[in-house]
Amino acid sequence: MPKDLPKTYHPQKTEDEIYQKWEKSGYFNPDNLKLPEDAKTYSVILPPPNITDKLHLGHVSMLAIEDLLIRYHRMNGFKTLWIPGTDHAAIATQNVVEKKLLKEKKITRHDLGRDKFLEEVWSFLQETQSIILRQIKKTGASLDWSREAFTLDEKRKQAVSQMFIDMYHAGIIYRGERIVNWCPRCHSTLADDEVEYKEQENKFYTFKYSKDFPFAISTTRPETKLGDTAIAVNPKDERYKKYIGRNFKINFAGFPLKLKIIADRNVDMNFGTGALGVTPAHSMADWQMAEKNNLAIVKVIGEDGKIREGFKNYSGKTVAEARQMIIRELKNKKLLEKVEDIKNNLSLCYRCGTPVEPLPSEQWFVSVDKKIKKLGNKSLKERAIEVAHQEKIKFIPERFKKRYLDWMENLHDWCISRQIWFGHRIPVWYKNSSQFTVHGSQSANEKEIYVGVKKPEEKNWIQDSDTLDTWFSSGMWTFSTLGWPDNFKDNKKSGDLKKFHPTQVLETGYEILTLWVSRMVMLSLFALNEIPFENVYLHGMVLDKHGKKMSKSRGNGIDPLDVIKKFGADSVRLATLIGNTPGNDVKIYEEKIKSFRNFTNKLWNIARFIIGNCKLQNSNSNQVSSNKLTLADKWILTEMKNLITEVNDSLTKYNFSQAGEKLKEFTWNSFADWYVEVSKFEKNKEEKNIILIILLKDLLKLWHPFMPFLTENIWEKMENKNLLMIEKWPSEKKYLAILGTPNETEWYIFSKIQSIIIAVRNARAKNNIEPGKKIEALIYAGEHYSAIKNEGILIKSLRTGIDKLEIKEKGEKIPGAIYISEGGIEIYLISAIDKNKEKLRFEKELDNFKKYAAGLEKKLKNKNFIEKAPEKIVQQNKENLKKTEAKIQKIEKYLKNLD
RNA sequence: GGACGAUUAGCUCAGUUGGCUAGAGCGCUUCUCUUACAAAGAAGAAGUCACUGGUUCGAGUCCAGUAUCGUCCACCA
């Protein structure tokens, strides 16, 4: 036994060392792989983690899946590239730093000013970014660090500006006024996904605008009614039909309003009075009605959350104050008919929880519907839908295609400007506007605009103060990391872009399918007129043991670094890879990781045994002559050959779990529990030596993508000079060559022997043979006599507990012995048995078999079955019946013997 | 409100075009320190496949509906 191999495997000691060796080798970079010129490429871009968070288990799961794909393809001779990077996550990061500043220094970003504040962000960012990158390495991810990128580094800044400029000139980036979700506290617009909804108790007021208005309306927000320009009713509503199209001039709470009665199908006749006041400036739904009906837009609430100028004594009041004033006014005039309690959803800012105010505002948009020349007179939306329909992009699992298409088909223009400081500055300049305000009276369209990377040389040009939506820069991730736009001149790709784009797989969580994946498709189609990736693999969320999301507040999270330290990265990787299916959530907990740690130890010990007992130099499969192979050898070699086929099959279908389970079953049950045991006593030592070594080596290769550290570690212990990570993936052909033409007769016997061993084990257990007591066996082999004689020792030693084995040419009746018969071979186990217990057991079993046989008989008598079921199935059932009947006879015979 | 997913052993999950006396791991029970491994080995108990119908010779698998849980989307005066 080699002295330096401890009984238990300690991953902690070696993992970092091994990662350094890999990095030093340079093979993470495909340029350093020794491959033929025409080798196919395989590229994956790492979904960049937000620099606000440290790594969580979801990241580890993602890294494990991608690293598996990468290592598998690298070993299969692909020019394999996996690019690492991080995401600046504009809003989230700014928010974290703002909170930190408030807590530590009690200051806001406005106290610091834009430049100073950004310095704070950058110093925060550098710290967390380096932590994340270090953590990624702990998982064993074989990323090409020489190509590392950041969504807000210089190269990406250049790419983002260029993209904006190109899209602007192509006419699909435009500036327009839209109603947006505005957070009065954060002073920023919120994307749809940044708004949270919370159900709340609310007051629902029913009132008439004025005495001379014919009917009442209902609302939860009376203060916004100052901005009403219409009343909407359902076109089918008999109560209001006659008013549709009429105009009213009225006085509402001391304020003049012009109202038009419009019809809209979406109005619920049974809700409130069935009539609703339309406030285009302060409601998403109303804005759309206003667009359809060409209504005037009256802004009531300002960016500060207060009533704007021009509303008499309401001006300057907060929303809540104004509401009370109006209610009082309505009460005084006896216009208020009802106040009810209702539950409705309140929109809240996801960061600070402040109620969101929908406001009209000037923003930059990407048009998804405008048809442009560059896209063959199609729109971004049309092209993005087309590539999914044509299966140019495939989704795994398939059901997500529908989700993608649903989202795409309902997509509206994408608002890309954000009123925050941290992020990609919009490359737009305005002339003669010393103080450009987003909601200023002067519209941007009336200003002189320059769109370009650099500020115009004349004076008085001021840059747009807004930044771009994070998804705009991460949407360019597949090509901004590969040197776009430098590598794309005159519509021709060069360099990395030419070699590696489109990428082969995008692997990410299904929760950002719409947010991210859809945008990557559109931006890539615009920039390069090609898809960003060929396949989208979507993984589920990582949940705790009880199916809950892991979160800090719940305290149910597992820190991946903790469990990596405790069990090793390989075990954690296995726990995320095995036992779940694509697109489904996965539950991870310590016991699960622990069980995989036990498995890594098993493999370690298999290796320990082989390294300790075999001559490592003797591993040339050509030296094995098939006529010296025993049945056990042939069996394991066949199993291995099948395993390779199955693993390849599963991995190419993204069934990682299935591949892992097959590997585990082979390693543990076939290889360790059977073959290694057999190898201890079968006499063809030379052949055994070679077979054990080539099996172990190939097993390490097959396992490498799943658990790179342990396999590389053992590989090194086997005195291999090259790194396992660039070894060639095993092929089935080698095994076919060793096996020669399989001998079917031998095969038959071997399968019989296996079933005998199992039968012996069962008999032993079922008969309550005294613990520790050895038993003798007598075998009558009949026609298989010689084969059994050769393999008999195999039966004896495979932990059957049989101590003495005799093989007879003619069967002998042995009173009181346990009798088993399989395939013409009879075994008598000679031992003391408890007859009564034995009888009970077998009677129960007999009963079972009889029921089953009866079922089969009934089935076979059914004419419909015979006529309609395929011949194969009918035959199968007939055989089953035969076998079962034979078993019944055997048991009956045995029961008789017992008496 | 709309869409999608889940529901199989005490727990976590497989079960690929319907052919199944429904499998695995963990846990549990019994036995074994057997010279690679007790983080092991040998064996065992345990399930009306959520419910109700339908299609079919045959349904865990297909269809319809119901219930519970989860996720996403939309947001309603």
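The rules behind these values
Residues numbered from 1 in each chain as written. Chains lettered and ligands numbered in written order. Predicted model: local features only at pLDDT ≥ 70, side-chain atom pairs only at ≥ 80, totals over all residues. Heavy atoms only, no water. Helix = DSSP H or I, 4+ residues; strand = E, 2+ residues; numbered from the N terminus. Buried < 20%, exposed > 50% of the residue type's maximum accessible area, 1.4 Å probe, protein only. Contact = heavy atoms within 4.5 Å. Areas by Shrake-Rupley, 256 points an atom, 1.4 Å probe, with all protein chains shown as cover. 1 Å grid on protein atoms, 1.4 Å probe; cavity = no way out; pocket = protein on both sides within 12 Å on 5 of 7 lines; lining within 4 Å. Points joined across faces, edges and corners; volume = space filled by probe spheres on them. Nonpolar A, V, L, I, M, F, W, Y, C, P; charged D, E, K, R; others polar. Core = buried A, V, L, I, M, F, W, Y, C linked by side-chain atoms within 4.5 Å. pLDDT = per-residue confidence, 0-100. Phe/Tyr/Trp six-rings, centres within 6.5 Å; stacked < 30°, edge-to-face > 60°. Lys NZ or Arg CZ within 6 Å of the ring centre and 35° of its normal. Near = heavy atom within 4 Å. Polar contact = N/O pair within 3.5 Å; in protein donor to acceptor, adjacent residues only side chain to side chain. Pairing = 2+ DSSP bridges. Axes fitted to C-alpha atoms, helices over the stretch in contact; angles between N-to-C directions.

Before going further, it helps to examine the overall build of chain A. When helices and strands are tallied, chain A shows 27 helices and 31 strands. Looking at chain A as a whole, 55% of its 899 residues qualify as buried. Taking the intrachain contacts of chain A between residues at least 6 apart in sequence as the baseline, contacts between residues at least 24 apart amount to 78%. Here chain A displays about 42700 Å² of accessible surface, and carbon together with sulfur accounts for 48% of that area.

Scanning the entire structure with this criterion turns up 1 cavity of 30 Å³ or more. Quantified by volume, the largest cavity comes out at close to 60 Å³. Ile65, Tyr537, Thr576, Leu577, Asn580, Thr581, Pro582, Tyr654, Asn655, Phe656 and Ser657 are the residues that line the largest cavity. Counting only elements with at least two residues in the lining of the largest cavity, the list comes to α16 (569-577) and α19 (656-679).

A few words on the layout of surface pockets. Here the second largest pocket defines a volume of roughly 1500 Å³. What lines the second largest pocket is a set of 46 residues, and nearest its centre among them are Thr220, Arg221, Ser283, Asn344 and Asn345. Among the elements that line the lining of the second largest pocket, the one with the most residues is helix α7 (residues 284-293), at 6 residues. A class-by-class count of the residues in the lining of the second largest pocket yields 16 nonpolar, 21 polar and 9 charged.

The tendency in soluble globular proteins is for nonpolar side chains to be buried as a group. Ile136, Phe671, Phe706 and Leu794 are the most contacted members of the largest nonpolar core, which has 131 residues in total. With residues near it in sequence (within four places) discarded, Leu794 still touches Ala632, Trp674, Val678, Phe681, Glu682, Phe750, Ile753 and Ile757.

Looking now at the confidence of the model for chain A. Any segment with low pLDDT has predicted coordinates that should not be analysed in fine detail. Taken residue by residue, chain A gives an average pLDDT of 85. The fraction at 70 or more is 88%. Of all helices and strands in chain A, the one with the weakest mean pLDDT is helix α23 (residues 744-766) (65), whereas strand β2 (residues 79-83) scores best (98). Long-range and interchain partners of residues 434-444, a stretch whose pLDDT sits below 50, account for 22 contacts in this model, where long-range means more than four residues apart. Model confidence for the complex is summarised by a pTM of 0.87, with the ipTM given as 0.93.

Looking now at unusual backbone geometry. With glycine set apart, most residues show a phi of negative sign, and most peptide bonds adopt trans. A cis amide bond links Ile396 to the next residue, Pro397, at an omega of -5°. If you trace the backbone, Pro397 turns up in the loop between β15 (394-396) and α10 (399-409). The amide bond that connects Trp484 to the next residue, Pro485, takes the cis arrangement and shows omega of 10°. As for its position among the elements, Pro485 is in the loop between α12 (477-480) and β22 (488-489). Positive phi is not limited to glycine here, since Asp490 has a value of about 50°. Relative to the elements of secondary structure, Asp490 occurs in the loop between β22 and β23 (492-493). Here the phi dihedral of Glu719 falls at roughly 65°; this positive angle occurs in a residue that is not glycine. The class for Glu719 is exposed, based on a relative accessible area of 55%.

For the rest of this paragraph, the subject is the packing of aromatic side chains. Using the criterion set out here, one finds 36 aromatic pairs in the structure. Measuring from centroid to centroid gives 5.1 Å for Phe255 and Phe311, while their planes differ by 25°, and the two rings are stacked. In this pair, Phe255 sits in strand β11 (residues 255-263) while Phe311 sits in the loop between α7 and α8 (319-332), placing the two residues 56 residues apart along the sequence. Phe311 matches Phe255 in its accessibility class, with the two residues each being buried. Both rings, one in Phe479 and one in Trp484, keep their centres 5.4 Å apart while their planes meet at 80°; by these two values the pair is edge-to-face. Neither Phe479 nor Trp484 differs from the other in exposure class; each is buried. Three or more aromatic residues link up through ring pairs in this structure, and these residues are Phe207, Tyr209, Phe213, Phe215, Tyr240, Tyr243, Phe248 and Phe252. The side chain of Arg71 reaches across the aromatic face of Trp22, ending 4.1 Å from its centre. Here the basic side chain of Lys137 rests over the ring of Trp145, its NZ or CZ set 4.9 Å away from the ring centre.

This next bit is on the protein's contact with RNA strand B. Close to RNA strand B lie 58 residues; Phe271, Leu276, Arg597, Trp668 and Lys868 are nearest. Of all RNA strand B atoms lying within 4 Å of any protein atom, the proportion belonging to sugar or phosphate reaches 59%. Lys7 is positioned with one of its side-chain polar atoms (N or O) 3.5 Å from a phosphate oxygen of RNA strand B. The leading source of residues in the surface near RNA strand B is helix α17 (residues 590-613), at 10 residues. By residue class, the composition of the surface near RNA strand B is 21 nonpolar, 18 polar and 19 charged.

Taken together, the 4 strands give an open sheet; going across it, the order is β10-β11-β9-β12, and neighbouring strands pair in mixed fashion. Of all strands in the sheet, those bounded by a partner on one side alone are β10 (247-252) and β12 (275-278). Each strand axis lies, on average, 35° off the axis of its neighbour in the sheet, ignoring direction. Bridge analysis of strand β9 (residues 230-233) against β11 gives 4 bridges, and the strand direction is parallel.

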